[in-house]
Amino acid sequence: MARVRNRHLDDTLRLVLQGYAWLPNRLRRADSDVLTTRLGGQRAVALHGPEAARFFYDEWHIRRQDAIPGPVQSTLFGHGGVHSLDGEAHRVRKALFTRLLMGGGIDGLVARAERAWDEAARGWADRPTVVLFDATAEVLTRAVCDWTGVPLAEPEVPEVATDLVALVDGFASAGPRHWRARRARARREAWLDDLVQRVRRGDASVPAGSAVEAVAAHRDADGGLLDPRTAAVELLNIVRPTVAVTWFVTFAGHALHRWPAHRRRLAAADPAFAEAYAHEIRRFYPFAPFVGGRAVTELSWGGERIPAGAIVLLDLYGQNHDPRSWPDPYRFDPDRFVDREIGEFELVPQGGGDPRTGHRCPGEMITVALLRALAVRLARLDHRLPEQDLDIPLHRMPTRPASGVIIEVAPGT
Ligand code: HEM
Ligand code: MYR
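Criteria and thresholds
- Residues numbered from 1 in each chain as written.
- Chains lettered and ligands numbered in written order.
- Predicted model: local features only at pLDDT ≥ 70, side-chain atom pairs only at ≥ 80, totals over all residues.
- Heavy atoms only, no water.
- Near = heavy atom within 4 Å.
- Polar contact = N/O pair within 3.5 Å; in protein donor to acceptor, adjacent residues only side chain to side chain.
- Helix = DSSP H or I, 4+ residues; strand = E, 2+ residues; numbered from the N terminus.
- Nonpolar A, V, L, I, M, F, W, Y, C, P; charged D, E, K, R; others polar.
- Donors = N, O, S within 2.8 Å, 3.2 Å for Na, K, Ca; no water.
- Areas by Shrake-Rupley, 256 points an atom, 1.4 Å probe, with all protein chains shown as cover.
- Pairing = 2+ DSSP bridges.
- Buried < 20%, exposed > 50% of the residue type's maximum accessible area, 1.4 Å probe, protein only.
- Contact = heavy atoms within 4.5 Å.
- UniProt positions renumbered as here; feature names shortened; annotations may be inferred.
- Salt bridge = Lys/Arg side-chain N within 4 Å of Asp/Glu carboxyl O.
- Axes fitted to C-alpha atoms, helices over the stretch in contact; angles between N-to-C directions.
- Parallel < 35°, antiparallel > 145°, perpendicular 65-115°, else oblique.
- Left-handed = near helix turned anticlockwise from the far one by under 90°.

**Describing the site of ligand 1**
Then, in step 1: Around ligand 1, 28 residues are found, and the nearest of them are Tyr57, Arg64, His90, His359 and Cys361.
Then, in step 2: A distance of 2.5 Å is found between an oxygen atom of ligand 1 and a side-chain nitrogen or oxygen belonging to Tyr57.
Then, in step 3: Counting only elements with at least two residues in the shell around ligand 1, the list comes to helix H5 (87-101), helix H11 (228-258) and helix H15 (364-380).
Then, in step 4: Broken down by element, the shell around ligand 1 gets its largest block of residues, seven residues, from H11.
Then, in step 5: The residue inventory of the shell around ligand 1, partitioned by class, reads 17 nonpolar, nine polar and two charged.

Laid out in structure tokens, this is it:
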């Protein structure tokens, strides 16, 4: 394995210009699974592959404190949330999420999403066109606010959906998209901070067992309640990513158009195929590029030295397209997941390892369940795509089909 030493050049500009292609390109050209470089002037080491993922998710190797860049915290994740905790503090906070997001309770969320989709879809045939991205964001906003116990009147749905989408859309760019995301975060944190305070005072009632109730009552490793702003950050860490499933549903709209042969099998809702379809969407399309942390101590991987405190990135998008794991990786083929066990460090669109102990996404069950349910509904919907720009630019982060996937729904549907 060739080593790449690049002590002088900073890769930040290349990352900004190339987006998802940056890290896989750099590693491929170097014929390596490790790249030493600089990002934002700091030493950074990027790792690739299932063995690298196992190394990265060992908490003796990588910590999250001080690892997430400020602009990403001020938009996507929030300050003081679970993403940036380590050790016991992380385990206790994480249990709040795994209890809410990885149990039978998620059926209630899926049922709400299916109902919201069916109700919305009834009106789609009356409109000349529907933008799948925008319509799905509203469907998921209604479903997740109801499920978590966040009160939301119907007229507020579009503005809340727009803000939740903005938090994700603006995390990696400069300019108006980024500032829109910061404003959306300030607004939505204030909104949920107020809700948590009212619930604690007994001025607002929330459904028993709901996420709002659980977050308001949660006690951290030190035995204390979350301050209301941190509680709002964590509630947003449930509500926002659920709405982010919109990206995958939109990609499913793109995939059904490009590979229409899958439509009949998906519409038949064969559970094994629907699940495989959801996995292939998550593997194939670009969403999370990589995850990052900092070296706890001086480390070495693949023969490369990683100084203590260096930024360490794990290449998620590249790993999901590595021919060593996925034969013919740029072929969209849901059947690759039928009857296949998926290893803990193999398919990593939402991180790797064990979500109960490490930082892996606790929302994967929800993501797969929602994506399955809505992709089946989309396959059953009698629709066509008019002429539009379906390009998915890899330099845009996060990316999506440029048009948002415009559909025309057949009359009488
Ligand atoms: C963490 C991606 C959906 C809640 C993560 C991570 C990624 C990710 C890459 C970081 C893993 C790491 O740091 O090692 C995604 C994608 C989703 C999605 C692409 C698709 C929409 C969800 C959903 C929820 C959720 C639906 C909740 C309902 C979280 C939380 C964390 C997280 C709370 C922090 C975990 C921790 O730091 O311990 N997700 N996620 N995500 N995700 Fe997701
Ligand atoms: C969500 O809203 O949480 C789900 C969508 C997240 C996708 C993007 C994750 C990218 C993380 C990049 C962090 C960079 C750290 C160096």
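**Regarding the coordination of the iron atom of ligand 1**
Then, in step 1: The protein supplies the iron atom of ligand 1 with one donor atom, Cys361 (SG), which lies at 2.3 Å.
Then, in step 2: Mapped onto the elements of the fold, Cys361 is located in the loop between helix H14 (316-319) and H15.

**Details of the site of ligand 2**
Then, in step 1: The immediate surroundings of ligand 2 are formed by Pro69, Leu76, Phe77, Val168, Phe171, Arg240, Pro241, Phe287, Ala288, Pro289 and Phe290.
Then, in step 2: One of the side-chain nitrogen or oxygen atoms of Arg240 is found 2.7 Å away from an oxygen atom of ligand 2.
Then, in step 3: Relative to its free-state accessible area of 490 Å², ligand 2 is covered by the protein chains to the extent of 85%.
Then, in step 4: Looking at the shell around ligand 2, the elements that each hand over two or more residues are helix H4 (70-77) and H11.
Then, in step 5: Within the shell around ligand 2, the residues separate by chemical class into ten nonpolar, no polar and one charged.

**Points about the sheet that holds strand E4 (residues 130-131)**
Then, in step 1: Taken together, three strands build an open sheet; the order of strands is E4-E10-E9 and the sheet is antiparallel. The sheet is open, and its two borders are formed by E4 and strand E9 (383-384), each paired with just one other strand.
Then, in step 2: Bridging between E4 and strand E10 (residues 406-409) involves two bridges; their strand directions are antiparallel. By the bridge assignment for E10, Val130 is matched with Ile407.

**Points about the side chain of Asp163**
Then, in step 1: With respect to the helices and strands, Asp163 occurs in helix H8 (residues 157-169).
Then, in step 2: Exposure remark for Asp163: the relative accessible area of 6% places this residue in the buried category.
Then, in step 3: Sequence-distant contacts of Asp163, defined by excluding residues within four places in its chain, comprise Ala184, Arg187 and Arg188.

**Some points on the UniProt feature "binding site: heme" (unreviewed entry) in the protein chain**
Then, in step 1: The UniProt entry lists Cys361 under the feature "binding site: heme" (unreviewed entry), expressed in the numbering used here.
Then, in step 2: Residue classification places Cys361 among the partly exposed residues on the basis of a relative accessible area of 25%.
Then, in step 3: Ignoring any residue separated from it by four or fewer positions in sequence, one finds Cys361 in contact with Gln350 and Pro355.

**Side note on the pattern of salt bridges**
Then, in step 1: If you walk through the whole model with that rule in mind, you get 34 salt bridges.
Then, in step 2: One salt bridge connects Arg91 with Glu59, and the closest N-O pair in it is separated by 2.9 Å. Taken together, the positions of Arg91 in helix H5 and Glu59 in the loop between helix H3 (50-56) and strand E3 (62-63) put the pair 32 residues apart, joining distant regions of the chain.
Then, in step 3: Owing to a relative accessible area of 42%, Glu59 belongs among the partly exposed residues under this scheme.
Then, in step 4: For Arg400, the salt bridge identified is with Asp169, shortest N-O distance 3.3 Å. Note that Arg400 is positioned in the loop between E9 and E10 and Asp169 in helix H8, a separation of 231 residues in sequence. Residue Arg400 shares its accessibility class with Asp169, and that shared class is buried.
Then, in step 5: Connected through salt bridges with shared partners, the residues Asp169, Arg177, Arg396 and Arg400 form a single ionic network.

**Considerations on unusual backbone geometry**
Then, in step 1: With omega at -5°, the peptide bond leading from Met397 into Pro398 counts as cis.
Then, in step 2: Summarising the element assignment, Pro398 is placed in the loop between E9 and E10.
Then, in step 3: The phi angle at Asp31 is positive, at roughly 50°, despite the residue not being glycine.
Then, in step 4: Along the chain, Asp31 falls in the loop between helix H2 (22-30) and strand E1 (34-39).
Then, in step 5: Within the chain, Ala269 stands out as a residue other than glycine whose phi angle is a positive 55°.
Then, in step 6: As for its position among the elements, Ala269 is in the loop between helix H12 (262-267) and helix H13 (271-284).

**A short note on the sheet that holds strand E2 (residues 42-47)**
Then, in step 1: Reading across from one edge, E1-E2-E8-E5-E3 is the order of the five strands in this open sheet, with mixed pairing throughout. The strands lining the two open edges of the sheet, one partner per strand, are E1 and E3.
Then, in step 2: As paired strands, E1 and E2 are joined by six bridges and run antiparallel to one another. Along E2, the bridge assignment pairs Arg38 with Arg43.
Then, in step 3: Sheet strands touched by H2: E1, E2, strand E5 (290-295) and strand E8 (311-315). Its angle to E1, the strand with the most contacts, is close to 130°.

**Considerations on the packing of helix H7 (residues 132-148) against H15**
Then, in step 1: The N-to-C vectors of H7 and H15 enclose an angle of 130°; their axes lie 13 Å apart at closest approach. Relative to H15, the element H7 is oriented oblique. Note that H7 runs across H15; the crossing there is right-handed. Taken together, the residues of H15 that come into contact with H7 (itself represented by Leu132, Thr136, Leu140 and Trp147) are Ile366, Leu370, Leu374 and Leu378.

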